[in-house]
Amino acid sequence: SGVPLAKEEVGKRTEEMRLLFESGTSLGPTYLQGRKARSSAEAWIRQMVKEVRSNRLLPNEHTALYEFSWHRDESGELLPEDVVAVEVLNILRPTVAISVYVLFTVLALHQFPDVKEQVERGEVSKTEFVQEVRRFYPFFPVAAARVKTDFEWDGYVFPEGTLTLLDLYGTNHDSSIWTEPDRFDPSRFKDWNESPFNFIPQGGGDVDFGHRCAGEHVTIAILGQVIELFTKEYAYTVPPQDLSYSFVDMPSLPKSKLRLTHLTRNQ
Ligand code: HEM
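Along each chain, the written sequence defines residue order, and numbers are assigned to residues from 1. Under the rules for a predicted model, residues below a pLDDT of 70 receive no local features and side-chain atom pairs below 80 are neither given nor counted, while totals for whole chains, interfaces and linings still include all residues. Hydrogens are left out, water is left out, and the side-chain values use all remaining heavy atoms of the structure.

On to the coordination of the iron atom of the ligand, then. Among all protein atoms, only Cys213 (SG) binds the iron atom of the ligand, sitting 2.3 Å from it. Of note, Cys213 is situated in the loop between α7 (168-172) and α8 (216-233). The donor set covers N, O and S atoms within 2.8 Å of the metal, switching to 3.2 Å for Na, K and Ca, and it leaves out water, so a site may look short of donors. Helix and strand labels come from DSSP, where a helix needs a run of H or I of at least four residues and a strand needs a run of E of at least two; each type is numbered from the N terminus.

This part is about the site of the ligand. By convention in this text, a residue qualifies as near a molecule or strand provided that one of its non-hydrogen atoms is within 4 Å of it. Residues in close proximity to the ligand total 14 residues, the closest being Pro94, Gln202, His211, Cys213 and Gly215. A distance of 3.5 Å is found between a nitrogen atom of the ligand and a side-chain nitrogen or oxygen belonging to Gln202. Sort the elements by how many residues they give to the shell around the ligand and helix α4 (residues 81-111) lands first, with six residues. In this classification, Asp, Glu, Lys and Arg are treated as charged, Ala, Val, Leu, Ile, Met, Phe, Trp, Tyr, Cys and Pro as nonpolar, and every other residue, Gly included, as polar. When its residues are assigned to classes, the shell around the ligand shows eight nonpolar, six polar and no charged. What qualifies as a polar contact is a pair of N or O atoms within 3.5 Å, subject to a donor-acceptor requirement within protein and to the restriction that residues adjacent in sequence count only when both atoms come from side chains.

Let's shift gears to a nonpolar patch on the surface. A contiguous nonpolar patch, built from Val142, Leu163, Leu165 and Met250 and spanning about 340 Å² of accessible area, is present on the exposed surface. In this structure, Leu163 sits in strand β4 (residues 163-167). Any residue with relative accessible area above 30% and no salt bridge may belong to a patch, with like charges joined within 9 Å and the nonpolar Val, Leu, Ile, Met, Phe, Trp and Tyr side chains within 5 Å. Values of accessible area rely on a 1.4 Å probe in the Shrake-Rupley scheme; residue burial ignores everything except the protein chains shown. Any Lys or Arg side-chain nitrogen found within 4 Å of a carboxyl oxygen on Asp or Glu counts as a salt bridge.

Before going further, it helps to spend a moment on the side chain of Glu16. Position of Glu16 relative to the elements: it lies in helix α1 (residues 10-22). Whether two residues are in contact is decided by their heavy atoms: any pair within 4.5 Å suffices. Not counting residues up to four positions away in its chain, the partners in contact with Glu16 are Ala37, Ser40 and Ala41.

This part is about the environment of Gln202. With respect to the helices and strands, the residue Gln202 is situated in the loop between α7 and α8. Considered as a pair, Gln202 and Cys213 are eleven residues apart in the sequence and their alpha carbons are 5.4 Å apart. When neighbours within four sequence positions are excluded, Gln202 is seen to be in contact with Tyr101, Arg134, His211, Arg212, Cys213, Gly215, Glu216 and Thr219. At 2.8 Å, the side chain of Gln202 forms a polar contact with the side chain of Arg134.

Shown next as structure tokens:
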């Protein structure tokens, strides 16, 4: 992203990013904490945009901070600082949100040791494993939208203004699409038909014209690296803990999160 982060700031900024993606779905104190985190994070990035534009901060080209700070609109004007800040956060926030999938990827390696061995033997590819993690575990259960103009689909009438929820988790567990949907089985992705409508953990349809996440490939690539690290590079122990998770929280996380001990790097 081109955003520098001092070691002392890691805790504070991580917490802010977490609140940004968790609090959007909460009410009460968490919602308020989220608003505070948003204004603090925006002020932090706005200050950086000022420094970039006065050449006091020189991020690499092709990073979000560089590109958005120097982007000119159709009339040749630089974007307002607050717009740049929001756009940079639109990259940082979902990237940090991948941590939820990181947790579930490591959890799946722990809960399904036979499948882990298949990955290690190369019988299941990293991408197949990642796809199954994104299908199997809950993250954000629904995508919400409001109907712009009246339409009818498959016998259902959608009047303008209706709040509509697309069931992401339900679609990924629909037994008319997936055989034994409650079984963790990455090999199902060997012959998946790649329809943009049946597998929708990060939204559905087309990236350009529909509601599919623009960061899906980045997410898959990062999680592939996570599998590499946790199958080859690290040895660790998963101590007894409460790994059950709720189906009503957003995002849903195991009660104990995921605690690892005896983490060492393999030689
Ligand atoms: C943590 C995993 C992620 C989840 C669960 C997720 C989920 C989603 C969903 C459901 C949408 C569609 C919203 C809609 O149109 O109704 C979306 C859009 C988007 N996502 Fe993600 N996302 C994730 C990671 C990322 C990452 C890593 C990036 C980029 C670094 C990213 C960038 C975007 C962008 C730019 C859009 C808007 C696309 C547009 O409106 O054209 N996402 N995401």
